[in-house]
Amino acid sequence: MASIFAVVNQKGGVGKTTTAVNVAACLAAQDERTLLVDIDPQGNASSGVGVIKSELKMCMYDVLINEVPIEQVIISTDTQGLDLAPAKLDLAGADIELMSTMSRETKLKQALERVSGRYEFILIDCPPPLGLLTVNVLTAAEYVILPIQCEYYALEGISQLLKTVELVNQHLNPSLEVAKVLLTMFDYRTNLSQQVVDEVRRFFGARVSPVLVPRNV
């Protein structure tokens, strides 16, 4: 069965999609069969691996709302060994539509169970809001990767995210854990970046990756 990682942070622009796409591609390059699941209505992870969203017949909206088997949605990418379950703007209303459905928090988990045996790794790119889409991701995943940008207000909102992770852990997914905190957009020219690094390492300890991802266009 695949190891399932959710790339989560309720703050936008911290590097979630960049992390999900690049880690997935690197795993595939190391001959690890990998599935990238795009749960963000913006669909940036899908376009990030070369998919033209306007040409998609179906996406993760159809899996979560219309109960289409995920096998019918998964497509191959130009990167050998990397498959994609794409997203497009249709997903924008899924949070509201899921409210009235049975087992609304476990839709994604049930879908991924159908294909988990085909992959070594599944990476899920989350939307920023802590709504039902993100709860679905946290219920389906084993591990959380938390990108934090080395900028002012970096830790704002993290406590709410950790509270959500704890609630999901208690009530829906007891195996969920924050596996790795990834410091992104590090600027070697500023004291502020180093101060954020020190603060994050003090708070999260050994879970912080030793790798600092630099700011780079």
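Residues numbered from 1 in each chain as written. Predicted model: local features only at pLDDT ≥ 70, side-chain atom pairs only at ≥ 80, totals over all residues. Heavy atoms only, no water.

Student: Before we move on, could you go through the overall build of the protein and cite the residues and values that matter?
Tutor: Secondary structure assignment for the protein yields eight helices and eight strands. Compactness check: the protein gives a C-alpha radius of gyration of 17 Å against a globular reference of 17 Å for 217 residues, within 12% of the reference. If you line up the protein on its principal axes, its C-alpha atoms span 50 × 40 × 30 Å. Taking all 217 residues of the protein together, 50% fall into the buried category. When contacts within the protein are restricted to residue pairs at least 6 apart in sequence, long-range pairs at least 24 apart make up 79% of them. Of the roughly 10700 Å² of accessible surface on the protein, 51% is carried by carbon and sulfur atoms. Distance between charge centres in the protein, computed from 18 positive and 25 negative side chains, equals 3 Å. (Helix = DSSP H or I, 4+ residues; strand = E, 2+ residues; numbered from the N terminus. Rg over C-alpha atoms; globule rule 2.2 N^0.38 Å. Buried < 20%, exposed > 50% of the residue type's maximum accessible area, 1.4 Å probe, protein only. Contact = heavy atoms within 4.5 Å. Areas by Shrake-Rupley, 256 points an atom, 1.4 Å probe, with all protein chains shown as cover. Lys, Arg positive; Asp, Glu negative; His and termini not counted. Charge placed at Lys NZ, Arg CZ, Asp CG, Glu CD.)

Student: Give a detailed account of a nonpolar patch on the surface, specifying residues and quantitative values.
Tutor: On the surface, Tyr-152, Tyr-153 and Leu-192 cluster together to form a nonpolar patch covering roughly 350 Å² of accessible area. Under the relative-accessibility criterion, Tyr-152 is labelled exposed at 56%. (Patch = residues over 30% accessible without salt bridge, like charges linked within 9 Å, V, L, I, M, F, W, Y side chains within 5 Å. Salt bridge = Lys/Arg side-chain N within 4 Å of Asp/Glu carboxyl O.)

Student: Tell me about the side chain of Asp-62, residues and numbers included.
Tutor: Note that Asp-62 resides in helix H3 (residues 60-64). For the buried Asp-62, no salt bridge exists, and the shortest N-O distance to an oppositely charged side chain is 6.2 Å, to Lys-88. Those residues in contact with Asp-62 that lie beyond four places of it in its chain are Glu-67 and Val-68.

Student: Please set out the nonpolar core residue by residue, giving values where relevant.
Tutor: With 55 residues, the main nonpolar core has Val-37, Leu-108 and Leu-112 as its most contacted residues. It is helix H6 (residues 132-140) that contributes the most residues to this core, five residues altogether. When near neighbours in sequence (up to four residues on either side) are disregarded, Leu-112 contacts Ile-4, Leu-35, Val-37, Ile-70, Ile-122, Ile-124 and Ala-140. Within the second largest apolar cluster, 17 residues are counted, among which are Phe-5, Ala-20, Ala-24 and Ala-45. (Core = buried A, V, L, I, M, F, W, Y, C linked by side-chain atoms within 4.5 Å.)

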